[in-house]
Amino acid sequence: MRSRELLLAVRDMLTEAMNEYPFPSPCGHSEDLEVFMHGLPDEQGRRTYPFVCIRWVSGELDESAEIYAGAECKEELAIVLGVYAPKNQEQAGLILAELLDWTRAVLRRNRIVGGKFELILPLKSSIPDPEKQWIEYHMATIFPEYQYAIPSTPI
């Protein structure tokens, strides 16, 4: 249940932070930035963008860790960012870069989420293959990794 707890804690933290983010629309006014879990709504399109989507990627449980009296756990998430900018590739790339910087800054400021999950640095980011994504819809992914301890339980 801790993976679920981590996903919900990161979603809540990003949702709260994104409420403060003045996302620029291609028309010059601010748009709402929505935070989704695991996927986008069935009815996608321009109304879905801009978005942040949080997904679980991988995890690791290490009972041999001597730091903790129990097990050390690591969970990697994928935070997918999506923007829409119909004007040109340059506009889309710049808006995506701004959202990427903002999101990474939010993650760094909130290194502990849910009272127990600690962000591990460095913070990796990437974009999909440029040949498949250089259109007016641009995406990038941040891969935050969190660590936490599970207390030992008697066998």
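Reference entry: report on the structure contained in this document. As the structure is a computational prediction, the values presented were derived from the model and not from experiment. (Residues numbered from 1 in each chain as written. Predicted model: local features only at pLDDT ≥ 70, side-chain atom pairs only at ≥ 80, totals over all residues. Heavy atoms only, no water.)

## Let's talk about the overall build of the protein
Link 1 in the chain: When helices and strands are tallied, the protein shows three helices and eight strands.
Link 2 in the chain: Along the protein, helices and strands appear, N-terminal first, in the series α-β-β-β-β-β-α-β-β-α-β.
Link 3 in the chain: Buried residues in the protein amount to 39% of all 155 residues.
Link 4 in the chain: Counting only contacts in the protein whose residues sit at least 6 apart along the sequence, the fraction spanning at least 24 positions is 64%.
Link 5 in the chain: As displayed, the protein has an accessible area near 9,100 Å², and 50% of this comes from carbon and sulfur atoms. (Helix = DSSP H or I, 4+ residues; strand = E, 2+ residues; numbered from the N terminus. Buried < 20%, exposed > 50% of the residue type's maximum accessible area, 1.4 Å probe, protein only. Contact = heavy atoms within 4.5 Å. Areas by Shrake-Rupley, 256 points an atom, 1.4 Å probe, with all protein chains shown as cover.)

## Observations regarding the nonpolar core
Link 1 in the chain: Counting 34 residues, the largest nonpolar core has Val10, Leu14 and Tyr146 as its most contacted members.
Link 2 in the chain: For this core, the elements supplying multiple residues, two or more each, are α1 (2–18), β4 (51–62), β5 (70–84), α2 (89–109), β7 (117–126) and β8 (137–151).
Link 3 in the chain: The biggest single contributor to this core is α1, with eight residues.
Link 4 in the chain: Not counting the four nearest positions on each side in its chain, Val10 is found in contact with Ile54, Leu77, Ile79, Val113 and Tyr146. (Core = buried A, V, L, I, M, F, W, Y, C linked by side-chain atoms within 4.5 Å.)

## Here's the deal with the packing of α1 against α2
Link 1 in the chain: With their axes 11 Å apart at the nearest point, α1 and α2 run at an angle of 125° to one another. Taken together, the axes of α1 and α2 lie oblique to each other. The hand of the α1/α2 crossing is right-handed. Touching Met13, Leu14, Ala17 and Met18 of α1 are Trp102, Thr103, Val106 and Leu107, all from α2.
Link 2 in the chain: Its residues assigned to classes, the contact of α1 with α2 comprises seven nonpolar, one polar and no charged. (Axes fitted to C-alpha atoms, helices over the stretch in contact; angles between N-to-C directions. Parallel < 35°, antiparallel > 145°, perpendicular 65-115°, else oblique. Left-handed = near helix turned anticlockwise from the far one by under 90°. Nonpolar A, V, L, I, M, F, W, Y, C, P; charged D, E, K, R; others polar.)

## Topic: the pattern of salt bridges
Should the charged atoms of two oppositely charged side chains come close, the side chains can pair.
Link 1 in the chain: Within this structure, the stated rule accounts for four salt bridges.
Link 2 in the chain: A salt bridge links Lys124 to Glu76; its shortest N-O distance comes to 3.6 Å. With Lys124 in strand β7 and Glu76 in strand β5, the pair connects residues that are 48 residues apart, well separated along the chain.
Link 3 in the chain: Judged by its relative accessible area of 47%, Lys124 falls in the partly exposed class.
Link 4 in the chain: Glu76 gets classed as buried once you look at its relative accessible area, which sits at 16%.
Link 5 in the chain: With a closest N to O distance of 3.0 Å, Asp101 and Arg104 form a salt bridge. Of the two residues, Asp101 and Arg104 both sit in helix α2, three residues apart, roughly one turn of that helix.
Link 6 in the chain: By relative accessible area, which is 46% here, Asp101 ends up partly exposed. (Salt bridge = Lys/Arg side-chain N within 4 Å of Asp/Glu carboxyl O.)

The analysis is restricted to geometry; functional conclusions fall outside its scope.
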